[in-house]
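# Coordinate analysis (summary)
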Amino acid sequence: MHSGVGWMRRAVGGTARTAGHRVAKQSAIRVVTRIALTAVFVVGLVSFAACGDDGLELDEVRLDSGVVTGSLNGDIWSFKGIPYAAPPVGDLRWQAPQPVAPWAEPRACTAFGPACPQPASAETFYLAVGETSEDCLYLNVWAPDPSSDAAQQARGLQDEDVELLPVMVWIHGGSFETGAGSMAVYDGANLASLGVVAVTINYRLGPLGFLAHPALSAESPEGSSGNYGLLDQVAALKWVQTNIAAFGGDPQRVTVFGESAGAISILDLLVSPLAEGLFQRAIAQSGIMLDQGFGVTTNGTLADAEEDGLALAERLGVEASLAPVDAAAALRSKNPEELLGASGESGSVMEQGLRWKPVADGYVLPDVPTKLWAEGRNHAMPLLIGSNLDEGNLFLQGLTLELAQYQQQMEAVFGPYTQEALALYPVKTADDITPAFSRMLTEVGFASTARLAARSMSAAGAPAYLYEFTRVPFDNPLGAFHGVEIPYVFGNTSLFSVMGAIEQADVDLSAALMRYWTSFARSGVPGYEGGVAWPAYDPGSDQHLELGDTITAKAGLYEEACDLADRVRGLD
């Protein structure tokens, strides 16, 4: 889907444009593993850093590739622009990420690394990705100073005698085309102040991250291509497993969280064999799976993706008749601007879904993700997942369709279930089309995806927690639109100051979300003293938590629409 923060540049001023429970059998193993990791960590640390009363200092941090230094702001350390893989340039373009070359002297990590090349857009300071380069595989870490109140209080909240803190790894959105972990809206300092180690990552985007082509598949040992961005995310999570203890983070309590394309990535990682064991909890904000039974897709097959890659190569003048080795070399000779230019403009979300997207290649993704989720082939772990009240509004501004075209679009999406869909989302005049489409995309797309994943996780024996975010800041005409919850999750609602004075209701809701999210990262259960109890998802009660002007437990979220979506997916 569209950028998880792109809403800001469309929503400012009301304007818009188109566009835990733990698994019992694992708990004993984890306790032993944590004790062992802590012992190894402390012993190794003594060799290069002065140890304080807590046995940990962050003045210098030794990674597997070398020592890094960061900066201290109050009680929060930040380390920006840490390379987690070798630059994917030259012969490494469209290859799996490779290890970082080690460095001998301490490396200052006080500035963000470049973002992946991406289409240019008008951006305010808090949405800017800054410098772009193919050399883009960097991540950022925010950690409370070991002696700070935040770190001490967080250790006191833990139900086991573990010194290491929970870790939260953010995967950004942006339709797999735009974005970066460096965006100001993703600043992790406020989360770290609640006693977690926060990480944001870059990954390859657009044609650099998701181009599939027969020549690239031919040179791959797995016979696949197109999932380089997902492979980057796996590499970043492996880096976390190896290095995060040096920042005070617990590699056995890693939560991945993300929004939009980041949430889709997480839903994909939860069914990828390559990601097994790399994280222990997951939060998916406004993810959508439209890939089985729908006329639009957020994941594709390798064959279809290779066809698209051949078409792009043709636009670049790379002939299909070339031998694979020559075609691959010709593609690598093109610069990022040429690749982006040949990608063309995105079509309507209702016509094609995502332009660049992960593919079911039999390696990273054994099959189409919706099918894997429906078959219960997902990794079992605590899952927090949900959607926003008005997801669809952002995507459909400026949509102009006649009644006959609306009928055709519904037939393309719903096939034999078109009449049921038209009855659920009726239109009488052309003015009814955009609101109907918006409700359909919100309910049948986003909300049904969240319920499907929650049900699958519950069936796997792991707890799931479902939500709907309903807060509308500043009476914005787009409502509680796609991505609006992000500043609340990161505690960065001050960014709303471009729209007017910050309201206390937004500050209070942000504080609640941050405590739910960090408590989930800590224990697998989203809850805190004085907060509204969040019921674990059960298909029988179908409960969720509404996160809005008030926080309330409710049931039956868009039941009729979600049931229809299940039938379209062949799950009835």
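Here, the structure is the one placed above.
The following paragraphs examine the structure supplied in this document.

Reading the values: the criteria
Residues numbered from 1 in each chain as written. Predicted model: local features only at pLDDT ≥ 70, side-chain atom pairs only at ≥ 80, totals over all residues. Heavy atoms only, no water. Phe/Tyr/Trp six-rings, centres within 6.5 Å; stacked < 30°, edge-to-face > 60°. Buried < 20%, exposed > 50% of the residue type's maximum accessible area, 1.4 Å probe, protein only. Helix = DSSP H or I, 4+ residues; strand = E, 2+ residues; numbered from the N terminus. Lys NZ or Arg CZ within 6 Å of the ring centre and 35° of its normal. 1 Å grid on protein atoms, 1.4 Å probe; cavity = no way out; pocket = protein on both sides within 12 Å on 5 of 7 lines; lining within 4 Å. Points joined across faces, edges and corners; volume = space filled by probe spheres on them. Nonpolar A, V, L, I, M, F, W, Y, C, P; charged D, E, K, R; others polar. Core = buried A, V, L, I, M, F, W, Y, C linked by side-chain atoms within 4.5 Å. Contact = heavy atoms within 4.5 Å. Pairing = 2+ DSSP bridges. Axes fitted to C-alpha atoms, helices over the stretch in contact; angles between N-to-C directions. Salt bridge = Lys/Arg side-chain N within 4 Å of Asp/Glu carboxyl O. Parallel < 35°, antiparallel > 145°, perpendicular 65-115°, else oblique.

### Section: the packing of aromatic side chains
- Per the counting criterion, the structure on display carries 21 aromatic pairs.
- Their ring planes at 40° and their centres at 6.2 Å tell us that Trp239 and Phe247 sit as a pair that is tilted. Each member of the pair, Trp239 together with Phe247, is buried.
- Judged by centre distance (6.4 Å) and plane angle (85°), the ring pair of Tyr465 and Trp534 falls under edge-to-face. One end of the pair, Tyr465, is in strand E14 (residues 464-469); the other, Trp534, is in the loop between helix H18 (504-523) and strand E15 (543-547), with 69 residues separating them in the sequence.
- Residue Tyr465 is classed as buried on the basis of its relative accessible area of 2%.
- Among the aromatic residues, those joined into a ring-pair cluster are Tyr465, Tyr467, Tyr516, Trp517, Phe520, Tyr528 and Trp534.
- The ring centre of Trp94 lies 5.0 Å from the NZ or CZ of Arg93, which sits over that ring.

### Quick look at empty space enclosed by the protein
- By volume, the second largest cavity amounts to about 30 Å³.
- Lining of the second largest cavity is provided by Leu56, Leu58, Pro144, Pro146, Arg155, Leu165, Phe247 and Gly248.
- Across the lining of the second largest cavity, the residue classes break down as 6 nonpolar, 1 polar and 1 charged.

### Considerations on the nonpolar core
- If you look at the biggest cluster of nonpolar residues, it comprises 122 residues, and the most contacted ones within it are Phe79, Trp239, Phe247, Phe279 and Phe414.
- The greatest single-element share of this core, amounting to 13 residues, is contributed by helix H16 (residues 433-459).
- Discounting chain neighbours no more than four positions away, the residues touching Trp239 are Leu63, Ile82, Pro83, Tyr84, Leu139, Val141, Ile244 and Phe247.
- In terms of nonpolar packing, the next biggest core, distinct from the first, is built from 39 residues, Val129, Phe257, Tyr467 and Ala521 among them.

### What about the pairing of strand E13 (residues 383-388)?
- With respect to burial, E13 is a largely interior element, 6 of its 6 residues being buried.
- Summarising the sheet, strand E10 (residues 281-285) and E13 pair through 4 bridges and their orientation is parallel. Directly across from Gln285, in E13, lies its bridge partner Gly386.
- Here E13 runs beside E14; their pairing, made up of 6 bridges, is parallel.

### Brief notes about the sheet that holds E13
- Pairing within the open sheet is mixed, and its 11 strands lie in the order E3-E4-E6-E8-E7-E9-E10-E13-E14-E15-E16. Only two strands of the sheet have a single partner each, and these edge strands are strand E3 (71-73) and strand E16 (551-555). On average, each strand axis in the sheet is tilted by 20° relative to the strand beside it, whichever way the strands run.
- Docked against the sheet, helix H8 (residues 261-269) engages strand E7 (165-171), strand E9 (249-259), E10 and E13, running at close to 130° with respect to E9.
- Running over the sheet, H18 touches E7, E9, E10, E13, E14, E15 and E16 and is turned about 150° from E10.

### Quick notes on the sheet that holds strand E2 (residues 67-69)
- Reading across from one edge, E1-E2-E5 is the order of the 3 strands in this open sheet, with mixed pairing throughout. Each having just a single partner strand, strand E1 (61-62) and strand E5 (107-108) make up the two edges of the open sheet.
- In this sheet, E5 lies alongside E2 in parallel orientation, the contact comprising 2 bridges. Bridged to Val68 within E5 is Arg107.

### Things to note about the layout of surface pockets
- For the second largest pocket, the calculated volume is near 610 Å³.
- Ala96, Pro97, Gln98, Leu231 and Ala235 are the residues nearest the centre of the second largest pocket, which is lined by 34 residues in total.
- Counting residues per element, the ones that place at least two in the lining of the second largest pocket are helix H6 (214-219) and helix H7 (228-243).
- The biggest single contributor to the lining of the second largest pocket is H7, with 8 residues.
- Counted by class, the lining of the second largest pocket contains 19 nonpolar, 10 polar and 5 charged residues.

### Overview of the pattern of salt bridges
- This structure, assessed with the given rule, holds 16 salt bridges.
- A salt bridge links Glu134 to Arg93; the nearest nitrogen and oxygen atoms lie 2.7 Å apart. One end of the pair, Glu134, is in the loop between E5 and strand E6 (138-144); the other, Arg93, is in the loop between strand E4 (76-83) and E5, and 41 residues separate them in sequence. For the residue pair Glu134 and Arg93, the accessibility class agrees, reading buried in each case.
- Across the salt bridge formed by Glu443 and Arg439, the nearest N and O atoms sit 3.1 Å from each other. Taken together, the residues span about one helical turn, with Glu443 and Arg439 both in helix H16 at a distance of 4 residues.
- You can call Glu443 buried: its relative accessible area is 11%.
- Each member of the salt-bridge network shares a partner with another, and the members are Arg471, Glu503, Asp506 and Asp549.

### Observations regarding the packing of H7 against H8
- It is at 11 Å that the axes of H7 and H8 come closest, and there the two elements cross at 75°. By the criterion of interaxial angle, the relationship of H7 to H8 is roughly perpendicular. Residues Leu230, Gln233, Val234 and Leu237 of H7 pack against Ser265, Asp268 and Leu269 of H8.
- In terms of residue class, the contact of H7 with H8 is made up of 4 nonpolar, 2 polar and 1 charged.

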